[in-house]
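Observations on the model geometry
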Amino acid sequence: MSPRVRVWGGLVIAAVVLFGVAPALLSDFRLNLLAKFCCLAMVAVGIGLAWGRGGMLVLGQGVFFGLGGYLMAMHLKLSDAGPGGVPDFMLLYGDGTVPGWWEPFRDPVVTILAILVLPAFVATLLGLAVFKRRVRGAYFAILSQALAAAFAILLIGQQKVTGGTNGLNGFQSFFGFTLSDPVNKRMLYFIAAGVLLAMVAIVRLVMNSRYGELLVAVRDQENRVRFLGYDPALVKVVAYAIAACFAAIGGALFTPIVGIISPADVGVVPSIGFLVGVAIGGRATLLGPVLGAIGVSWAETSLSESFPSFWIYFQGALFILVVAFLPNGLATIGRLFRRRVKEPEPVPDAAPATLETAGTPT
């Protein structure tokens, strides 16, 4: 089976599971959890492109996840307050007036455009500032992680406009649909599942394009690519901006599905959690980051229900085992299986010629 058939076949199977099997078998509560996992998997898809294909160890995707989440939360709070109204937390923490930079987000079109453009724009500026100076490897990872920590601290300090440590919550509607209605919650699940599959298809097209080949070349031989006349910084920036956009979309859908967005969802720990799922699933594969993110999130929820204090130890042990024995993630098992299936059976050597079998020369 060709790789193309395997990938698109896998997407078809995933669509059947997400749109057919899961809604039929799972309760509304479990289906809402799966919708949450799909939002986290969107971040993993972008990390798989930036880290797995581009070699950029991104430890600060919580920043872009938070940007998308807070932009959506701002619109939802303003929508619940009504035309010209003031969100409830501003009446409690602030002076009862809406800041001027909040007002444009009353418009749903402006909100959607901001979710798509603003995180990618921030990632582009940051990428140009970092990659043009040829910062990479551990230095880039530390810098991105510091950015996530600073972003969380900023959100906590601006309680009057961000809700502080409590974040933004208590949303009642989503673009005119009541969030308390189970039918609308299922609609959010289908939206999250559809967006996730669309992101995987987009990344597949990017990987198979001329740009995808150039991105891998920059990862493996950056200096050689530079000598050939390309600018590796621009190549990295594009992948970094795509990953930021995917993370922001995941955060924007996460907010109405979970019902809250807070600094605890965007700091250093969540950013590392995004990376753990990608590493366990297989960062260099297409579906590995998605399966890893959903699997780790499901394991966290299941183990936390039964053993509340055990999950963090299990997560650390799983990460150590995968890094030590399966450096390419759990996808390595599938590769080994396919390689074993493809290996032909050894052909026995021909029997040596004898007087009876050699015949007589003519």
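Residues numbered from 1 in each chain as written. Predicted model: local features only at pLDDT ≥ 70, side-chain atom pairs only at ≥ 80, totals over all residues. Heavy atoms only, no water.

Here's the deal with the overall build of the protein
So the rule is basically this: Helix and strand definitions here come from DSSP, where helices need a minimum of 4 consecutive H or I residues and strands a minimum of 2 consecutive E residues; each element is numbered from the N-terminal end. Exposure classes here rest on a 1.4 Å probe applied to the protein chains alone. A residue is buried below 20% of its type maximum, exposed above 50%, and partly exposed in between. Any two residues having at least one pair of non-hydrogen atoms within 4.5 Å are treated as being in contact. Surface accessibility follows the Shrake-Rupley procedure with a 1.4 Å probe radius. Residue values consider only the protein chains on display as shielding.
For the protein, the helix and strand inventory stands at 16 helices and four strands. Classification of the 362 residues of the protein by burial places 46% in the buried group. Long-range contacts, defined as pairs at least 24 residues apart, comprise 77% of the intrachain contacts of the protein with a sequence gap of at least 6. For the protein, the exposed area adds up to about 18700 Å²; of that, 67% sits on carbon and sulfur atoms.

Quick look at helix α12 (residues 268-281)
To be explicit about the condition: Each residue after the first adds 1.5 Å to the expected span of a helix.
Taking 1.5 Å of rise per residue, the 14 residues of α12 would be expected to cover 20 Å, and the 20 Å separating its terminal C-alpha atoms lies within 8% of that figure. Burial analysis of α12 places ten of its 14 residues in the buried class, the great majority of the element. Residues of α12 that are buried include every one of P270, S271, F274, L275, V276, G277, V278, A279, I280 and G281, and no others. At the C-terminal side of α12, G282 shows a positive phi close to 120 degrees.

Digging into unusual backbone geometry
Phi at R134 is positive, roughly 60 degrees, even though this residue is not glycine. The residue R134 is located in the loop between α5 (108-131) and α6 (138-157) in this model.

Let's talk about the packing of aromatic side chains
The line we're drawing: Note on aromatic pairs: the rings of Phe, Tyr and Trp (six-membered ring only in Trp) are paired at centre separations within 6.5 Å, and the planes decide the class, stacked below 30 degrees, edge-to-face beyond 60, tilted for the rest. Only Lys NZ and Arg CZ are tested; either one counts as a charge over a ring when it is within 6 Å of the ring centre and within 35 degrees of the ring normal.
Per the stated rule, a full pass over the model turns up eleven aromatic pairs. Both rings, one in W101 and one in W102, keep their centres 6.3 Å apart while their planes meet at 65 degrees; by these two values the pair is edge-to-face. A residue is classified by how much of its surface remains accessible, and W101, at 48% relative accessible area, is partly exposed. The class for W102 is buried, based on a relative accessible area of 0%. We note R283 situated over the ring of W51; from NZ or CZ to the ring centre the distance is 4.8 Å.

Some details on the pattern of salt bridges
Formally: Here, a salt bridge means any Lys or Arg side-chain nitrogen found within 4 Å of an Asp or Glu carboxyl oxygen.
Enumeration according to the criterion identifies eight salt bridges in this entry. With a shortest N-O distance of 3.0 Å, E222 and K236 are connected by a salt bridge. On the criterion of sequence distance, the pair formed by E222 in helix α10 (residues 222-227) and K236 in helix α11 (residues 232-258) is long-range, its members being 14 residues apart. Salt bridges sharing partners connect three or more residues here, namely R136, E222, R226 and K236.

Quick word on a nonpolar patch on the surface
Counted only if it meets this: Nonpolar side chains (Val, Leu, Ile, Met, Phe, Trp, Tyr) within 5 Å and like charges within 9 Å form the patches, drawn only from residues with over 30% relative accessible area and no salt bridge.
The grouping of V12, I13, V16, V17, V21, L25 and L26 at the surface amounts to a nonpolar patch, some 620 Å² of accessible area in total. Its place among the elements puts L26 in the loop between α1 (3-25) and α2 (28-53). On the accessibility criterion, L26 (33% relative accessible area) is partly exposed.

Section: helix α9 (residues 210-220)
For α9, the set of buried residues is Y211, G212, L214, L215, V216 and V218. Contact partners of the buried residues in α9: α2, α8 (182-207), α10 and α11.

Brief notes about the side chain of T111
Here is the rule we go by: In the analysis that follows, any N or O atom pair within 3.5 Å is treated as a polar contact, provided that within protein one partner can donate a hydrogen and the other can accept it, and provided that, for residues neighboring in sequence, both atoms belong to side chains.
Its place among the elements puts T111 in helix α5. Residue classification places T111 among the buried positions, given a relative accessible area of 0%. Reaching out from T111, the side chain makes a polar contact with the backbone oxygen of D107 at a distance of 3.0 Å. Setting aside anything within four residues of it in sequence, one finds T111 in contact with L71, M72, H75 and F105.

Some thoughts on the nonpolar core
How we decide: For this analysis, a nonpolar core means a set of buried residues of the types Ala, Val, Leu, Ile, Met, Phe, Trp, Tyr and Cys, connected via side-chain atoms within 4.5 Å.
Among the nonpolar cores identified, the biggest contains 97 residues, and W102 and L168 are the most heavily contacted of them. Per-element accounting of this core gives the leading share, 17 residues, to α2. Residues contacting W102, with those up to four places away along its chain left out, are M74, K77, L78, P87, F89, M90, V161 and L168. V276, V296, L303 and V322 belong to the second largest nonpolar core, which has eight residues in total.

Quick notes on the confidence of the model for the protein
Filter applied, for reference: pLDDT is a per-residue confidence score from the predictor, ranging from 0 to 100.
Taken as a whole, the protein shows an average pLDDT of 86; of its residues, 89% reach a score of 70 or greater. Segment residues 349-362: pLDDT under 50, and two contacts once partners within four positions in sequence are set aside and those in other chains are kept.

Examining the side chain of S144
Looking at the element boundaries, S144 is found in helix α6. Not counting residues within four places of it along the chain, the set of residues in contact with S144 comprises L57, V58, L59 and G60.

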